[in-house]
Amino acid sequence: MSYDPIIVDNYTHTYFNSGNQKGNDSSDMFLVSTLLTGNKNYLQWKFSIKIALAAKKKIGFIDGILSNPASGETKIVDWISNDCIFRSWLLKSISKENFGAFVFATTANELWNELEEHFSEKIGSMIYQLRRHIASITQGNASF
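Residues numbered from 1 in each chain as written. Predicted model: local features only at pLDDT ≥ 70, side-chain atom pairs only at ≥ 80, totals over all residues. Heavy atoms only, no water.

Draft legend 1. Here's a closer look at the overall build of the chain. Regarding its fold elements, the chain presents 5 helices and 0 strands. Along the chain, helices and strands appear, N-terminal first, in the series α-α-α-α-α. The proportion of buried residues among the 144 residues of the chain is 36%. For the chain, long-range pairs separated by at least 24 residues make up 68% of all intrachain contacts whose partners lie at least 6 apart in sequence. With the model as given, the accessible surface of the chain reaches about 9,100 Å², and the carbon-plus-sulfur share is 55%. (Helix = DSSP H or I, 4+ residues; strand = E, 2+ residues; numbered from the N terminus. Buried < 20%, exposed > 50% of the residue type's maximum accessible area, 1.4 Å probe, protein only. Contact = heavy atoms within 4.5 Å. Areas by Shrake-Rupley, 256 points an atom, 1.4 Å probe, with all protein chains shown as cover.)

Draft legend 2. Examining the pattern of salt bridges more closely. Tallied over the full model, the rule gives 3 salt bridges. The shortest N-O distance in the salt bridge between Lys46 and Glu116 comes to 2.9 Å. A residue pair is termed long-range when its members are at least 10 positions apart, and Lys46 in helix H1 (residues 42–55) and Glu116 in helix H5 (residues 108–141) qualify at 70 residues. With its nearest N and O atoms 3.3 Å apart, the salt bridge here joins Asp83 to Arg87. (Salt bridge = Lys/Arg side-chain N within 4 Å of Asp/Glu carboxyl O.)

Draft legend 3. Up close: helix H3 (residues 76–92). The end-to-end C-alpha separation of H3 is 24 Å, in line with the 24 Å expected for 17 residues at 1.5 Å each. For H3, a buried count of 12 out of 17 residues is recorded, marking the element as mostly surrounded by other parts of the structure. Every buried residue belonging to H3 is among Ile76, Asp78, Trp79, Asn82, Asp83, Ile85, Phe86, Arg87, Ser88, Trp89, Leu90 and Leu91, and all of these are buried. (Expected span 1.5 Å × (residues − 1).)

Draft legend 4. Representation of the environment of Ser93 in the model. Considering the arrangement of structural elements, one finds Ser93 in the loop between H3 and helix H4 (96–99). As a C-alpha pair, Ser93 and Leu35 span 58 residues in sequence and 4.7 Å in three-dimensional space. With residues near it in sequence (within four places) discarded, Ser93 still touches Val32, Thr34, Leu35, Leu36, Trp45 and Ile49. From its side chain, Ser93 meets the backbone oxygen of Leu90 in a polar contact 2.7 Å long. (Polar contact = N/O pair within 3.5 Å; in protein donor to acceptor, adjacent residues only side chain to side chain.)

Draft legend 5. Local environment of the confidence of the model for the chain. The predicted model of the chain averages 76 in pLDDT, with 71% of residues at 70 or higher. Here H5 stands out as the least confident element of the chain, with mean pLDDT 81; H4 is the most confident, with 91. Per-residue pLDDT stays below 50 along residues 1–16; that stretch engages in 40 contacts with residues further than four places along the chain or on separate chains. For residues 18–23, every residue scores under 50 in pLDDT, and the model assigns this stretch 6 contacts once sequence neighbours within four places are set aside. (pLDDT = per-residue confidence, 0-100.)

So this is what it looks like as structure tokens:
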């Protein structure tokens with residue numbers, strides 16, 4: 001799933017909720033019903049999260065489109081508040097066994113990138129091992 005970059009004028013887009021977070025954007029909510037438990041369900045989890053965030057018009061916090069505004073801008077407080085909510089949503093969707101490795105990410109985008117780096121690297125290694133295993137079985141059954 002890819003999205004075209006959008007230009008956000010002074011961070012006054014629907015990505016932001018200022019003031020108290022209520023309803024659908026509360027840090028108490030869960031984005032997806034399935035926890036990220038490891039390599040086996042990472043891709044499913046990843047796409048479920050992206051769908052949920054896209055539906056809420058919040059995906060810019062994880063894909064880097066909406067980065068931290070300059071410290072002098074008045075919207076930085078709203079950006080920090082929203083980013084914390086999105087990090088909370090992501091962290092709540094990670095199993096207890098994996099939680100500790102990612103809890104110290106400082107932004108939702110950083111957390112997303114760390115998850116991608118950690119799990120996609122392992123998935124690539126698993127695919128390589130599987131291909132080697134299939135090749136050895138095929139070669140072992142070949143008769144010359």
